[in-house]
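# Working through the structure, step by step
Residue strings, one per chain:
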Amino acid sequence: AFLNSANITATYGDTTFVLGRQLLDTPMIQSFDWLLAPGSFEAYTVVNKSISNLTLVGTYIAAYRMNGSGTDFADLDGDNWTVGASYSDAFDASVWYYNVDHSDYTQVYADAGVEVSGIKLAAQYVDTDYDAGDDSTTYGVKAETTLAGFDLAAAYVNVDDAPAGFLDWDGLYTSMWMTPTSGSVGDNWMVSAATEFSGLSVSAAYGSFAYDNDVEDGSEFDLILGYGITDCISLDAAYTITDYGNGDGDEQVMELIATYKF
């Protein structure tokens, strides 16, 4: 057992400080919560909202526990930090800069989104500059809408020259339950549909991934169910079929999750 969140949080005016062990939620450094054991960071974060509709964030990361890696936190080499700005009003946009000495790269991330006639359109761009080896350029587009009670989405992401840098999980549009798109090189796409009836939420998704190997592209199918028994008790199930494109065939995983909030 371990504590993935143990920090001092203080707010002064429009500024919030989070000092200690915490979950992070930025596009290319974020806590992945697969198996109810989110990746966690020992970090120092400052969030400012003094300007209307604009959020400024800065985080310095000292140590990191990767999702599914046990209970120990590992110190990160060098200086590892990110600064970002997010705007939300008539349209949404954000820009982030990452300095990750531990993995020898710097990175720029940008995205923007707008809703037109009930369709949400978004685009993202990532440039990863490695100290050694080929740099990586990533761009993606996504469309979402609701039709006949179903939330529908389709996305395309291209990762060029080398995998994109990330910690724990990424925010690329085609990343799925088992597969982060940042690990690919080439064209990736994903389609999904979700709905809810009689208290049961159902979502299904299928994606294709260009793995960096000489065998074949991979794919993933996800079926995720959720049911709220009471306000504080819920049951979830996730079934995935993943082909990693290495010639070893499919990997099937079933996860059953019971959650109690208190």
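Above this text sits the structure in question.
For the structure given in this document, a descriptive report is provided here. Predicted model only: the values in this text are computed from it and were never measured. (Residues numbered from 1 in each chain as written. Predicted model: local features only at pLDDT ≥ 70, side-chain atom pairs only at ≥ 80, totals over all residues. Heavy atoms only, no water.)

### Observations concerning the overall build of the protein
Within the protein, the regular secondary structure consists of zero helices and 16 strands. Here the protein has a C-alpha radius of gyration of 19 Å; the compact-globule value for 262 residues is 18 Å, and the two agree. Structurally, the protein occupies a C-alpha span of about 50 × 45 × 45 Å along its principal axes. Classification of the 262 residues of the protein by burial places 37% in the buried group. Sequence-distant contacts in the protein: of pairs separated by 6 or more residues, those separated by 24 or more amount to 41%. In the structure as shown, the protein presents an accessible area of about 13800 Å², 57% of it carried by carbon and sulfur atoms. Taking the 6 positively charged and 40 negatively charged side chains of the protein as two groups, their mean positions are separated by 14 Å. (Helix = DSSP H or I, 4+ residues; strand = E, 2+ residues; numbered from the N terminus. Rg over C-alpha atoms; globule rule 2.2 N^0.38 Å. Buried < 20%, exposed > 50% of the residue type's maximum accessible area, 1.4 Å probe, protein only. Contact = heavy atoms within 4.5 Å. Areas by Shrake-Rupley, 256 points an atom, 1.4 Å probe, with all protein chains shown as cover. Lys, Arg positive; Asp, Glu negative; His and termini not counted. Charge placed at Lys NZ, Arg CZ, Asp CG, Glu CD.)

### Remarks on the side chain of Asn67
Looking at where Asn67 falls in the secondary structure, it is placed in the loop between β4 (54-65) and β5 (74-75). Overall, the relative accessible area of 12% leaves Asn67 in the buried class. Side-chain polar atoms of Asn67 contact the backbone oxygen of Phe32, separated by 2.9 Å. Ignoring anything within four residues of it in the chain, the contact list for Asn67 reads Phe32, Asp33, Trp34, Ala37, Pro38, Gly39 and Asp168. (Polar contact = N/O pair within 3.5 Å; in protein donor to acceptor, adjacent residues only side chain to side chain.)

### Section: the pairing of strand β1 (residues 6-12)
Bridge count for β1 against strand β2 (residues 15-22) is seven bridges, and the pairing is antiparallel. Its bridge partner lying in β2, Thr11 is registered against Thr16. Taking the residues between adjacent antiparallel strands as the criterion, β1 and β2 are bridged by two residues, where Gly13 takes a positive phi near 65°. (Pairing = 2+ DSSP bridges.)

### A short note on the nonpolar core
Ranked by internal contacts, the top residues of the largest apolar core, which has 24 residues, are Met28, Ile29, Phe41, Ile61 and Tyr98. Of all elements in the fold, only β3 (40-48), β4, β7 (92-100), β8 (105-116), β9 (119-130) and β11 (150-160) reach the threshold of two or more residues within this core. Contact partners of Ile61, with chain neighbours within four places excluded, come to Leu24, Ile29, Phe41, Glu42, Ala43, Leu76 and Asn80. (Core = buried A, V, L, I, M, F, W, Y, C linked by side-chain atoms within 4.5 Å.)

### Overview of the environment of Glu115
Residue placement: Glu115 occurs in strand β8. Residue Glu115 is classed as exposed on the basis of its relative accessible area of 51%. Note: C-alpha distance between Glu115 and Lys261 (146 residues apart in sequence) is 34 Å.

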